[in-house]
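Observations on the three-dimensional arrangement
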Amino acid sequence: MTKVADILTTMEYGPAPESAKLANQWLDAHSRAFGMYIGGQWTTPTPDRMIDVINPSTAKRIAAISHGTADNVDAAVAAARKAFKSWSQMPGHARAKLMYGLARKIQKHARLLAVLETMDNGKPIRETRDIDIPLVARHFYHHAGWAQVMDTELPGYTPVGVVGQVVPWNFPLLMLAWKIAPAIAAGNTIVLKPSKWTSLSALAFAELCDDAGIPPGVVNIITGDGGTGDILLQHPGIDKIAFTGSTEVGRHIRNVTAGSGKKLSLELGGKSPFIVFEDADLDSAIEGIVDAIWFNQGQVCCAGSRLLVQEGIAEELYRRLRARMEKLRVGDPLDKAVDIGAIVAKAQLVEIETLVRQGQAEGAILWRALLGMSNGGILLSSDALHRGRAERHDRPGRDFWPRAGGNDLPHASRSDRPGQ
Amino acid sequence: MSIDRNPGMALDLDWVSETRVNRSAVERRASTLPGRRTVKSHWQAAWLVRAIQVIDLTTLGGDDTPGNVRRLCAKARNPIRADLADALGITSLGLTTGAVCVYHEMVESAVHALAGTQIPVAAVSAGFPAGLNPLDLRIEEIRRSVAAGAREIDIVISRRHVLTGNWRALYDETRAFREACGTAHLKTILATGELATLRNVYRASLICMMAGADFIKTSTGKETVNATLPVSLVMVRAIRAYQARTGAKVGFKPAGGLRTAKQALDWLILMKEELGDEWLSPTLFRIGASSLLADIERQLEHYLTGAYSASFRHPMQ
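On a predicted model such as this, the values are computed, not experimentally measured, just so you know.

1. Quick word on the overall build of chain B
The helix and strand tally for chain B stands at 13 helices and 8 strands. Relative to its length of 317 residues, chain B is compact, with a C-alpha radius of gyration of 19 Å against a globular reference of 20 Å. Counting only C-alpha atoms, chain B reaches 55 × 45 × 35 Å along its principal axes. A total of 317 residues make up chain B; the buried ones form 59% of that total.

See below:
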């Protein structure tokens, strides 16, 4: 039998891979070793101070990034301070012109950025291609508009100065855009550190800034681990800190910046409830649950990870949810028809599995859809833990994972730490 | 593959009244699903072959003649050129469409033209497309089509019963149609474009299944709006709910407006995701279409040769 005839007997979807070629060419062009973008210049990568970049879906090393030192941070903050003088004085429409140009560069290279983000983070190409990167471009267009009309529409607002920004790994380039676009629109200059797990798209972005003619020092990208981030956050030359990430680190930042006079904005984790009442269209509610908790592998600060269901319909809803989970496709995130890709890093997977075991030990029932397609990478199936009663909260802000926790509503009287 | 026919059940008005459809959520699911699943290369070719197998190849024109029905039947017997079937390696499959669908007056011509094949003739009936003829005449029309050799009967429901909430009348009428069908399979056309709300679509789907429909079908092709993914999603969810409660499997047939190979794939994806692989066969899934086949044949030729031919190289009748 031929292939077409074979497929007719199984009616499977088959593979629909996005090509990694563009991203691999870009990585090769940089010899797969990256410096940092400071004052419009690239530092030279030094072999003894590098961090491996792992593609979580294959567990293979795809590049290495520099481990930023205190000297690097000093240089970046100094470059940003120097650039602030002219950037903040520049007429708004002149900043807007440069930012519109940058937004167009992002759109032009959208495919490269999407593939790179998927290889670096493990999230499905469908999400980077349809959500992350288009939104990044839109943020720069939108805030270019801010710069353009700032004099008339935002009278009395002035830039803060040099802003230190630390962004997480769940939406690497999108979080960068949220942070950088409004800040530079208003005339601030930036030193940004992406997560050590997902720095590549920020480095590609730095190239686009260069290409778009953003003046040296306005955007500086340093790379490294939490230690590098700490040096940045505590640097005396920083006027404001913007951080998105875990509640734990947010608390730490608040502690170490207390009394320093630094402005601070924090966007931290949450455990968002998803409430279903008995008069809901249950099939539609199921799709809402799916998008709320399994979008981006559940690695979303507002993921609907606590499912509260009115008792009379709870069993029926859970039955339908279990059936729906069987339809989720876990696999190669570069496949255009995959719903759940890879967890960002091994350490994260270990933490998730620990929490699952802990939940089971406390009496929760684990439903795990049996989905194969593993290719040696860090993959996790869709999970749901059913507690059936309210007891402890689920470690706010820490369990970023594709897991829905179910409670029957009448018993779920409280959550220990709402709003986190 | 054959399945047990849906025997129907007693009218359950509680079930009908408790149905709820969240329109925004349905529209969101329907608009995002085609972007969440896709089939490429060999898989796409195979899925397009399957799409041909589920087509109810249809002609419902006032200008139908025995001659053009014969030509349509010839296309149903050999839906793609022999050289394409050969290159696809499916010659031994004996590829045909799922059925041929015509008006009552053309049933005889179609049955004659399809003699010696397994292809059933479906007749649109019961006062198609408006369904406003006297009830006894509508029932008689079904009997006459079955006697003429139609193995499937596509009836239209009385939209006024849905719009006025007269579920008992709709149930009784559909029951009578099912009895008139005898061994012929009953497809009930909801004419969803005239039912005003998605909740009405869901309720009418339930009533038809309770009354013993073998298939529920979206449209006549004559309404202003015919098959759409949102109404299809609502109907297949009703089928799923009916199966969960009764165990009976009811088929689904979108009709009207499906003209491109891409649309056919979207609907196959909808069936696979919402109902499962069993609904990817002509036993439980049909697409009512006429020009769709030409586009599929064209896409298959592109798959094999890398080039698109002009549409006039794939004539239908």
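2. Things to note about the interface of chain A and chain B
With 29 residues of chain A in contact, the opposing surface of chain B contributes 36 residues. Between chain A and chain B the total buried area reaches about 2900 Å² when both faces are included, carbon and sulfur atoms providing 55% of it. Linking chain A to chain B there are 5 salt bridges. Of the charged contacts in the structure, one is a salt bridge between Asp339 of chain A and Arg37 of chain B, with a shortest N-O distance of 2.5 Å. Connecting chain A to chain B are 16 residue pairs in polar contact (both at pLDDT 80 or more). Broken down by secondary-structure element, the contributors of at least two residues to the side of chain A that touches chain B are helix H1 (3–10), helix H6 (125–153), helix H11 (282–293) and helix H12 (311–325) of chain A. The element that contributes the greatest number of residues to the side of chain A that touches chain B is H1 of chain A, accounting for 6 residues. In terms of residue class, the side of chain A that touches chain B is built from 10 nonpolar, 4 polar and 15 charged.

3. Describing the pattern of salt bridges
All names here are of chain B. Within this structure, the stated rule accounts for 46 salt bridges over all chains. Between Glu27 and Arg23 there is a salt bridge, with the nearest N and O atoms lying 2.9 Å from each other. One end of the pair, Glu27, and the other, Arg23, are both in helix H2 (residues 23–36), 4 residues apart, so they sit about a helical turn from each other. According to the relative accessible area criterion, Glu27 is partly exposed, its value standing at 35%. With a shortest N-O distance of 2.8 Å, Asp56 and Lys253 are connected by a salt bridge.

4. Thoughts on helix H7 (residues 172–185) of chain A
Residues and elements named next belong to chain A. Taking 1.5 Å as the rise per residue, H7 with 14 residues should run 20 Å; its terminal C-alpha atoms sit 20 Å apart, in good agreement. By the criterion of burial, H7 is predominantly enclosed, with 12 of the 14 residues buried. Taken residue by residue, H7 has Pro172, Leu173, Leu174, Met175, Leu176, Ala177, Lys179, Ile180, Ala181, Ala183, Ile184 and Ala185 as its buried positions.

5. Examining the sheet that holds strand E1 (residues 55–58) of chain B
All names here are of chain B. With parallel pairing, 8 strands are arranged side by side in an open sheet as E7-E6-E5-E4-E3-E2-E1-E8. Of all strands in the sheet, those bounded by a partner on one side alone are strand E7 (251–253) and strand E8 (287–289). For this sheet the average axis-to-axis angle between neighbouring strands, irrespective of direction, equals 25°. For strand E4 (residues 152–156) and strand E5 (residues 185–189), the ladder comprises 5 bridges, and the chain directions are parallel. Each bridged residue has a counterpart across the sheet, and for Glu152 the counterpart in E5 is His185.

6. Brief notes about the layout of surface pockets
All names here are of chain A. The computed volume of the largest pocket comes to approximately 950 Å³. Lining the largest pocket are 40 residues, with Pro168, Trp169, Phe243, Gly245 and Ser246 positioned closest to its centre. For the lining of the largest pocket, the secondary structure elements donating two or more residues are H6, H7, helix H9 (226–233), strand E9 (240–244), helix H10 (247–257) and helix H13 (346–361). Among the elements that make up the lining of the largest pocket, the one with the highest residue count is H9 (4 residues). Here the residues of the lining of the largest pocket are counted per class, giving 20 nonpolar, 12 polar and 8 charged. Here the lining of the largest pocket gathers at least three residues from each of two domains, domain 1 (21–267) and domain 2 (273–411).

Analysis parameters
Residues numbered from 1 in each chain as written. Chains lettered and ligands numbered in written order. Predicted model: local features only at pLDDT ≥ 70, side-chain atom pairs only at ≥ 80, totals over all residues. Heavy atoms only, no water. Helix = DSSP H or I, 4+ residues; strand = E, 2+ residues; numbered from the N terminus. Rg over C-alpha atoms; globule rule 2.2 N^0.38 Å. Buried < 20%, exposed > 50% of the residue type's maximum accessible area, 1.4 Å probe, protein only. Contact = heavy atoms within 4.5 Å. Buried area = accessible area lost by both parts, 1.4 Å probe. Salt bridge = Lys/Arg side-chain N within 4 Å of Asp/Glu carboxyl O. Polar contact = N/O pair within 3.5 Å; in protein donor to acceptor, adjacent residues only side chain to side chain. Nonpolar A, V, L, I, M, F, W, Y, C, P; charged D, E, K, R; others polar. Expected span 1.5 Å × (residues − 1). Pairing = 2+ DSSP bridges. Axes fitted to C-alpha atoms, helices over the stretch in contact; angles between N-to-C directions. 1 Å grid on protein atoms, 1.4 Å probe; cavity = no way out; pocket = protein on both sides within 12 Å on 5 of 7 lines; lining within 4 Å. Points joined across faces, edges and corners; volume = space filled by probe spheres on them. Domains from an automatic or database assignment.

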